[in-house]
Each structure stands twice: as C-alpha cells, then as structure tokens.
Amino acid sequence: MQLRKADRRGLADEAADRIREAIFAGVFPPGSPVREVELAASLDVSRGSVREGLAVLEREGLVRSAWHRGTRVIDLTAQDAEEVYSVRAALEGLAGRRAIGQVDLAALTDLVDAMARRLAAGAPSDELLALDMEFHDTIYRSADNRRLLEAWRAVRSQVHLFQLTRIRLGHHDYRAVVVDEHREIVRLLDAGDAAEVTRFAEEHVHSAKRVLVGQLDGSTTETSG
C-alpha cells in the first residue's frame, strides 16, 4: 500500500485528505479495514495525526469505528443508498429554491459546458463527477444558509462515494444523463419557478438513487448466487 505523503502543515487534515482520496480511488473498498499503523507508515506521519484524520472521515460518514473491531470504510448497501439519497434529495430541493436569483448561472453553465467537452473527449467518468460535485457545491454556497451548507458537507463525501460506485457498476447510464440533467437544472433556476426547481432537483437525486439501488441489489444477487 502506498499513499501520497502528507504535507508537514495541518497533518491531521492532510491525512484525512489522503485517506479520503484512497477510499474514492478504491484502494480501501467498502467494508475494508483502515489501520492506523499502516496508514501512519505510508503517509509518514504519527499515529495521532492518522487517528485525528480518521475522526474527520468518521464525521463525514466515510468510515466507522467500533470497539475491538477497529475502523472500517462504510458498507454500501441498498439500504444505505436509500438513506443517503433521501436525505440528499431533501437538501437539494431546499438548496435549489434558495439559489433562485442568487446563484451565478454563468458559472453553472461553464461547469455544464466543461462536462460536455470532457464527455465528448472521452474523459473518465470520475472527472465528470468532479465537475458534477462542483456544480452542486456552487448551488449550496449560493443558497445563503449556513446550516444547509453544513448539512450538505456532512453527507457530501458519502454522496461522492456512492456516485463513484454508481459509475463503477454502470458508467454508461451516468454518462448518458449527466450533461442534460445539469443543463436542465440551470434552465429551471434561470426561469425562477421554485416549485419546478424543487421538483426537478429532488427527482434528479431520486433517479440516481433508483439506478444505484438496482445496481446494488443486482450485485448482491449475483454475489449470493
């Protein structure tokens, strides 16, 4: 196991960043253990810094610690997906409504255009997802609600991991809709109909949930069979 070395400034945050990157990259798959001693050696930092970094990731919901069982990456089950995406749908609807007249539509359009260019160029789906997440970050920041933004940040890493899993299990579906769905969000924000923005923002999340739950149920069936 080899992770990028942590910088010497803000070692706990750096450790959290490097471990998060490794989880997203699949170095630590869902359900797998993450061990302080190995991480400290790989990152060239103290176990204390790793422990603090893992605490950050536990607050984000990416890892879970249990007495006598150590720390593990969260499992990705259909039930987990139902919970995470249901919470996200509620947040997205509120963020969309509050962003009307506040969000920089040109910035959102630029991000969608970048998605389209990268898609046409055959870029990996995780690059498209990075733009996708930045798109939603922009909406949340514009909503001018600190607690809403904090609630988004509390589930953001889990959403990112679930979306990466969705891509891994069926990236063609994601690539087929990512540009058009985000362009429609921009159009509705520009039109300013709060009810339509709310409806589409929530459906945008629920459609992703349905796909992922089906994928997870299918992979479970295949594994058990």
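The preceding data block contains the structure.
Conventions and cut-offs
- Per chain, the residues get numbers from 1 upward, laid out in the order the sequence is written.
- Reporting in this predicted model follows two pLDDT cut-offs: at least 70 for local features of residues, and 80 or more for side-chain atom pairs to be given and counted; totals over whole chains, interfaces and linings ignore these cut-offs and use all residues.
- Hydrogens and waters are ignored; side-chain quantities use all the structure's heavy atoms.
- Elements are defined by DSSP. Helices are runs of H or I of four residues or more, strands are runs of E of two residues or more, and each kind is numbered from the N terminus.
- Both definitions apply: the radius of gyration is a C-alpha atom measure, and the globule rule equals 2.2 Å times residues to the power 0.38.
- Classification of residues uses two cut-offs on accessible area relative to the type maximum, computed with a 1.4 Å probe and protein chains only: under 20% is buried, over 50% is exposed, and between them is partly exposed.
- Neither His nor the chain termini are counted; the positive set is Lys and Arg, and the negative set is Asp and Glu.
- Lys charges are placed at NZ, Arg charges at CZ, Asp charges at CG and Glu charges at CD.
- Note on pairing: DSSP must find at least two bridges between two strands before they are called paired.
- N or O atoms closer than or at 3.5 Å make up a polar contact, with two conditions inside protein: a donor-capable atom paired with an acceptor-capable one, and, for residues adjacent in sequence, both atoms drawn from side chains.
- The nonpolar core is taken to be a set of buried Ala, Val, Leu, Ile, Met, Phe, Trp, Tyr and Cys residues, with the residues joined through side-chain atoms within 4.5 Å.
- Contacts: residue pairs with any heavy atoms within 4.5 Å of one another.
- Centres within 6.5 Å are what make two rings of Phe, Tyr or Trp a pair, Trp counting through its six-membered ring; a difference in plane orientation under 30 degrees is then read as stacked, over 60 as edge-to-face, and the rest as tilted.
- Here, a salt bridge means any Lys or Arg side-chain nitrogen found within 4 Å of an Asp or Glu carboxyl oxygen.
- The axes are straight lines fitted to the C-alpha atoms, using for helices just the contacting stretch, and the angles between their N-to-C directions are given from 0 to 180°.
- Any angle that falls under 35 degrees is termed roughly parallel, while one over 145 is termed roughly antiparallel, one within 65 to 115 roughly perpendicular, and all others oblique.
- Whether a crossing is left-handed or right-handed is set by the direction in which the near helix is turned from the far one by less than a right angle, anticlockwise for left-handed and clockwise for right-handed.
- Residue classes follow a fixed rule: Ala, Val, Leu, Ile, Met, Phe, Trp, Tyr, Cys and Pro count as nonpolar, while Asp, Glu, Lys and Arg count as charged, and any other residue, Gly among them, counts as polar.

Chemist: Give a detailed account of the overall build of the protein, specifying residues and quantitative values.
Modeler: Per the secondary structure count, the protein includes eight helices and two strands. Computed over C-alpha atoms, the radius of gyration of the protein comes to 18 Å, within 12% of the 17 Å expected from 2.2 N^0.38 for 225 residues, which places it in the range of a compact globule. Dimensions of the protein, computed from C-alpha atoms along their principal axes, come out at roughly 55 × 50 × 35 Å. Each of the 225 residues in the protein was classed as buried or not, and the buried ones make up 48%. Mean positive and mean negative side-chain charge positions of the protein (31 and 37 charges, respectively) differ by 4 Å.

Chemist: Describe in detail the pairing of strand β1 (residues 63–66), supporting the description with residues and values.
Modeler: Bridging between β1 and strand β2 (residues 70–73) involves four bridges; their strand directions are antiparallel. Bridge pairing in β2 links R64 to R72. Between β1 and the antiparallel strand that follows it, β2, lie three residues; H68 among them carries a positive phi value of about 70°.

Chemist: Explain the side chain of E14 residue by residue, including any values.
Modeler: Summarising the element assignment, E14 is placed in helix α1 (residues 11–24). For E14, the side chain forms a polar contact with the side chain of R18, separated by 2.5 Å.

Chemist: Before we move on, could you go through the environment of A90 and cite the residues and values that matter?
Modeler: By secondary structure assignment, the location of A90 is in helix α4 (residues 78–99). Distance in space between the C-alpha atoms of A90 and I100 is 16 Å, their sequence separation being ten residues.

Chemist: I'd like a description of the nonpolar core, backed by residues and values.
Modeler: Ranked by size, the top nonpolar core spans 66 residues in total, and within it I23, L57, Y85, F135, I139, F162 and L189 carry the most contacts. Counting residues per element, the ones that place at least two in this core are α1, α2 (36–43), α3 (47–59), α4, α5 (105–120), α6 (125–142), α7 (146–191) and α8 (194–224). Among the elements that make up this core, the one with the highest residue count is α7 (16 residues). Beyond its immediate chain neighbours, meaning those up to four positions away, F135 contacts L108, L111, V112, M115, H182, I185 and V186.

Chemist: Lay out the packing of aromatic side chains with the relevant residues and their values.
Modeler: To describe a pair of aromatic rings, one takes the distance between the centres and the angle between the planes. Applying the stated criterion to the full structure yields two aromatic pairs. Taking the centre distance of 6.1 Å and the plane angle of 90° together, the rings of Y85 and F162 count as edge-to-face. In this pair, Y85 is assigned in helix α4 and F162 in helix α7, connecting sequence segments 77 residues apart.

Chemist: Any details on the pattern of salt bridges? Residues and values, ideally.
Modeler: Enumeration according to the criterion identifies 16 salt bridges in this entry. R18 is the partner of E14 in a salt bridge, and the nearest nitrogen-oxygen pair spans 2.5 Å. One end of the pair is E14 and the other is R18, both in helix α1 and four residues apart, which spans about a single turn. Of the two residues, E14 and R18, neither departs from the other in class, the shared state being buried. Linked by salt bridges that have partners in common, E14, R18 and E21 make up one network.

Chemist: Any details on the packing of α2 against α3? Residues and values, ideally.
Modeler: α3 packs onto α2 with a crossing angle of 110° between their chain directions and a minimal axis gap of 9 Å. Taken together, the axes of α2 and α3 lie roughly perpendicular to each other. Between α2 and α3 lies a crossing whose hand is right-handed. Each of E36, V37, L39, A40 and L43 in α2 lies in contact with α3, whose residues at this interface are R47, V50, R51 and L54. Taken together, the residues that form the contact of α2 with α3 break down as six nonpolar, no polar and three charged.

Chemist: Pulling in residues and values, what's your account of the side chain of H136?
Modeler: By the secondary structure assignment, H136 is in helix α6. With relative accessibility at 1%, the residue H136 sits in the buried group. Among the polar contacts listed, one links the side chain of H136 to the side chain of H204, at a separation of 3.4 Å. Look past the residues within four positions of H136 in its chain and what remains in contact with it is R88, E92, W152, H182, I185 and H204.

Chemist: Explain unusual backbone geometry residue by residue, including any values.
Modeler: Phi at D44 takes a positive value of approximately 60°, unusual for a residue other than glycine. Mapped onto the elements of the fold, D44 is located in the loop between α2 and α3. D44 gets classed as partly exposed once you look at its relative accessible area, which sits at 42%.

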